[in-house]
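Results of the structural survey
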2 protein chains.
Amino acid sequence: MISQKTLPDFVQVLASKEPVPGGGGAAALCAAVGTALGNMVGSLTVGKKKYAEVEDRIIELKAKSDALQTRFLQLIDEDAAGFEPLSKAYGLPANTDEEKAHKKLVLEECSVEACKVPMEIMERCCEAIDIIEEFAEKGSVLAVSDAGCGAVTVKSALFAASLNIFINTKGMENRDKAKELNDKTEKMLADYGKKADAIFDMVAAKLKPAE
Amino acid sequence: MISQKTLPDFVQVLASKEPVPGGGGAAALCAAVGTALGNMVGSLTVGKKKYAEVEDRIIELKAKSDALQTRFLQLIDEDAAGFEPLSKAYGLPANTDEEKAHKKLVLEECSVEACKVPMEIMERCCEAIDIIEEFAEKGSVLAVSDAGCGAVTVKSALFAASLNIFINTKGMENRDKAKELNDKTEKMLADYGKKADAIFDMVAAKLKPAE
């Protein structure tokens, strides 16, 4: 399974002409990495006297992060599995009118289906950004830079996954469905792009000297 | 070595309270992943008749990407190795005036040293963004979304690494050196953040329907 590869093997197959992993799998990995950076802030907070008051909440957030990390790694494999039917559909013959109609129908179904994994990646990136925001606010100040790194990393996964939605809605016959998916995508990009930037800016402001 | 771990093992140790990997190692991994996404565009372009005219240049860009990917993976380990002396310096005793002076001196040296890996990650992210821009312009249009994913992914690495510079320049006694490092960092964030956004926007515009 792709999600079980070593880092160098993953990077190498990503760079190759193999159809998977692609942007979706890379997004899911970065989402897991960014979530783990938030989780690390939690790990460095738990057990510290100074943060005893927020410890219960930090433990809850850590458990949510653990679950998200596991899910993002699974999504690397699900994204790869989801690409296969679409790839096969593109290869269907289209010589006769019947073949053309059949291919069109299959491509339409596959395009709707192929949006599901990137959409879940995006939705879970939004959850991760909410969690990282809380880690940045409540967690150990000594680790705040890791929360900032986590926020920009999950944001990049959010944006990378969105391209895999736009590429699949582009050719859809059902424009109402396409618009519904695109609107949902644009809203997440706007709302959570802004939220991630705010976390990063807050962290950078804490680290930079007042010169 | 951290860079040889499997994806789940890397994510797990990142989330733990282990001092390394942290934001620097995560940035170097995302930089390798983003660079590989650009390289993938090249892999899907080479050998295609339609792109015969740019093939030599694409092969050159692929070789540069391969080298960058290897270097980014090495930087995961170098970032971890670079953290150790700083971590030890923080643990030095500071009871007498002599101990205090010694600790201050060692911390200053370690802080300058600890900027080197994140600075190299940033510089190489800028190289990677230039390469991805060319892949997006010259490579197969069928893979253009991967170039867009690559651009946002490397951009997140650039921004994540910058926090590891700001955190180390913050406490430096030598404010001229700190300013020099901060200014260089800010310039790369501004110039290459903008360039990565432009690549992403160009790709998104190609994929989105004109509604």
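The following refers to the structure shown. Computed from a predicted structure; not experimentally measured.

**Topic: the overall build of chain A**
Scanning chain A from N- to C-terminus turns up seven helices and zero strands. Element order for chain A, N to C, with α for helix and β for strand: α-α-α-α-α-α-α. Projecting the C-alpha coordinates of chain A onto the three principal axes gives extents of approximately 75 × 35 × 35 Å. For chain A, with 211 residues in total, the buried portion stands at 55%. Considering only residue pairs separated by 6 or more positions, chain A has 75% of its internal contacts joining residues 24 or more positions apart.

**As for the relation of the copies chain B and chain A**
Between chain B and chain A, the superposition needs a rotation of 180 degrees and an axial shift of 0.0 Å, giving an RMSD of 0.0 Å. Seen this way, the second copy is the image of the first under a two-fold rotation axis. Taking C-alpha positions as reference, the residue of chain B nearest the rotation axis is Thr 6 of chain B, located at 1.9 Å. A shared binding surface is used by both copies, with 100% of the interface residues of chain B retained as interface residues in chain A.

**Concerning the environment of Arg 175 of chain B**
All names here are of chain B. Tracing the sequence through the fold places Arg 175 in helix H7 (residues 175-207). Classification of Arg 175 by relative accessible area gives partly exposed; the value is 28%. Remark: the alpha-carbon pair of Arg 175 and Leu 29, spanning 146 residues in sequence, is separated by 31 Å. At a separation of 2.8 Å, a polar atom in the side chain of Arg 175 contacts the main-chain carbonyl oxygen of Thr 169.

**Overview of the environment of Glu 186 of chain A**
Considering the arrangement of structural elements, one finds Glu 186 of chain A in helix H7 (residues 175-207). Relative accessible area serves as the criterion here: at 32%, Glu 186 of chain A is assigned to the partly exposed category. Once the C-alpha coordinates of Glu 186 of chain A and Ala 31 of chain A are considered, the two residues, 155 residues apart in sequence, prove to be 18 Å apart. Ignoring sequence-local partners within four residues, the contact set of Glu 186 of chain A consists of Phe 166 of chain A together with Lys 208 of chain B.

**Regarding unusual backbone geometry**
Most peptide bonds are trans, and most residues other than glycine sit at a negative phi. The linkage connecting Val 20 of chain A with the following residue, Pro 21 of chain A, adopts the cis geometry, with an omega of 0 degrees. Along the polypeptide, Pro 21 of chain A turns up in the loop between helix H1 (7-15) and helix H2 (23-43).

**Regarding the side chain of Thr 169 of chain A**
All names here are of chain A. Position of Thr 169 among the secondary structure elements: in helix H6 (residues 144-169). By relative accessible area, which is 0% here, Thr 169 ends up buried. Aside from chain neighbours lying at most four places away, what touches Thr 169 is Cys 115, Arg 175, Ala 178, Leu 181 and Asn 182.

**Overview of the interface of chain B and chain A**
Chain B puts 61 residues into the contact, and the matching count from chain A is 61 residues. Across the chain B/chain A interface, buried area totals approximately 4,800 Å², and carbon plus sulfur atoms make up 72% of it. Summed over the three residues of chain B that lose the most area to chain A, namely Leu 7, Leu 163 and Leu 207 of chain B, the buried surface amounts to 14% of that side. Along the contact surface separating chain B from chain A lie two salt bridges. Among the salt bridges present, the one from Lys 208 of chain A reaches Glu 186 of chain B, with a minimum N-O distance of 2.9 Å. If you look at where chain B meets chain A, you find eleven residue pairs in polar contact (both at pLDDT 80 or more). For the side of chain B that touches chain A, the secondary-structure elements that each account for two or more residues are helix H1 (7-15), helix H2 (23-43), helix H3 (55-90), helix H6 (144-169) and H7 of chain B. With 15 residues, H6 of chain B is the largest single contributor of residues to the side of chain B that touches chain A. By residue class, the composition of the side of chain B that touches chain A is 32 nonpolar, 16 polar and 13 charged.

What counts, and where the lines are drawn
Residues numbered from 1 in each chain as written. Chains lettered and ligands numbered in written order. Predicted model: local features only at pLDDT ≥ 70, side-chain atom pairs only at ≥ 80, totals over all residues. Heavy atoms only, no water. Helix = DSSP H or I, 4+ residues; strand = E, 2+ residues; numbered from the N terminus. Buried < 20%, exposed > 50% of the residue type's maximum accessible area, 1.4 Å probe, protein only. Contact = heavy atoms within 4.5 Å. Least-squares fit on C-alpha atoms with pLDDT ≥ 70 in both. Polar contact = N/O pair within 3.5 Å; in protein donor to acceptor, adjacent residues only side chain to side chain. Buried area = accessible area lost by both parts, 1.4 Å probe. Salt bridge = Lys/Arg side-chain N within 4 Å of Asp/Glu carboxyl O. Nonpolar A, V, L, I, M, F, W, Y, C, P; charged D, E, K, R; others polar.

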